[in-house]
Amino acid sequence: PYLGASYSDKDITEALEEFGPFISAASFDRIEDATTLAQQAAAMLEHGTVIGWYQGRGELGPRALGNRSILADPRRGEMVDRLNAKIKRR
């Protein structure tokens, strides 16, 4: 269930600014149109961008439901190593 915290656009922007030295956040965009959102995300993934997907309230429970996700193109051979090194720090 989506019972976790919810954050405003201002909260998100401030967090990105605070942690900017530790992440390479190109931008924070609110895209209301689902088709546009899907097209832009697909184009970014095709170019090798790793996306931090954030929408709505946080999730509770043992399974991720998609509101907080890390998206990457699994077709790229180097992606597993890149995710492990930069995100999971393994």
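Conventions and cut-offs
- Residues numbered from 1 in each chain as written.
- Predicted model: local features only at pLDDT ≥ 70, side-chain atom pairs only at ≥ 80, totals over all residues.
- Heavy atoms only, no water.
- Helix = DSSP H or I, 4+ residues; strand = E, 2+ residues; numbered from the N terminus.
- Buried < 20%, exposed > 50% of the residue type's maximum accessible area, 1.4 Å probe, protein only.
- Contact = heavy atoms within 4.5 Å.
- Areas by Shrake-Rupley, 256 points an atom, 1.4 Å probe, with all protein chains shown as cover.
- Salt bridge = Lys/Arg side-chain N within 4 Å of Asp/Glu carboxyl O.
- pLDDT = per-residue confidence, 0-100.
- Patch = residues over 30% accessible without salt bridge, like charges linked within 9 Å, V, L, I, M, F, W, Y side chains within 5 Å.
- Phe/Tyr/Trp six-rings, centres within 6.5 Å; stacked < 30°, edge-to-face > 60°.

Focus: the overall build of the protein chain
Right, so step 1: Helix and strand content of the protein chain: three helices and two strands.
Right, so step 2: Its helices and strands in sequence order give the protein chain the pattern α-α-β-β-α, from N to C terminus.
Right, so step 3: Within the span of the protein chain, comprising 90 residues, buried residues form 13% of the whole.
Right, so step 4: A sequence separation of at least 24 residues applies to 45% of the contacts in the protein chain between residues at least 6 apart.
Right, so step 5: Here the protein chain has roughly 7,100 Å² of accessible surface; of this, 55% comes from carbon and sulfur atoms.

Looking at the pattern of salt bridges
Right, so step 1: This model, assessed by the stated rule, comprises three salt bridges.
Right, so step 2: One salt bridge connects Lys10 with Glu14, and the closest N-O pair in it is separated by 3.3 Å. Linking Lys10 with Glu14, this pair stays in helix α1 (residues 9-18), spanning four residues, or about one helical turn.
Right, so step 3: According to the relative accessible area criterion, Lys10 is exposed, its value standing at 58%.
Right, so step 4: Among the ionic pairs, Asp73 bridges to Arg75, the shortest N-O distance being 2.9 Å.

Some points on the confidence of the model for the protein chain
Caution is warranted with low-pLDDT regions, since their predicted coordinates should not be read in detail.
Right, so step 1: Residues of the protein chain with pLDDT of at least 70 account for 86%, and the chain-wide mean is 82.
Right, so step 2: Per-element confidence in the protein chain is highest for helix α2 (residues 34-46), whose mean pLDDT is 92, and lowest for strand β1 (residues 51-54), whose mean pLDDT is 83.

Some remarks on a nonpolar patch on the surface
Right, so step 1: Side chains of Phe19, Phe22 and Ile23 sit close together on the surface and give an oily, nonpolar patch of about 330 Å² of accessible area.
Right, so step 2: Relative to the helices and strands, Phe19 is located in the loop between α1 and α2.

Points about the packing of aromatic side chains
Right, so step 1: Enumeration over the complete set of coordinates arrives at one aromatic pair.
Right, so step 2: Relative to Tyr54, the ring of Tyr7 has its centre 6.4 Å away and its plane inclined at 45°; by these criteria the two rings are tilted. In this pair, Tyr7 sits in the segment before α1 while Tyr54 sits in strand β1, placing the two residues 47 residues apart along the sequence.

Quick word on the side chain of Asp73
Right, so step 1: Counting through the fold element by element, Asp73 comes out in the loop between β2 (68-71) and α3 (79-86).
Right, so step 2: Residues contacting Asp73, with those up to four places away along its chain left out, are Leu45, Glu46 and Met79.

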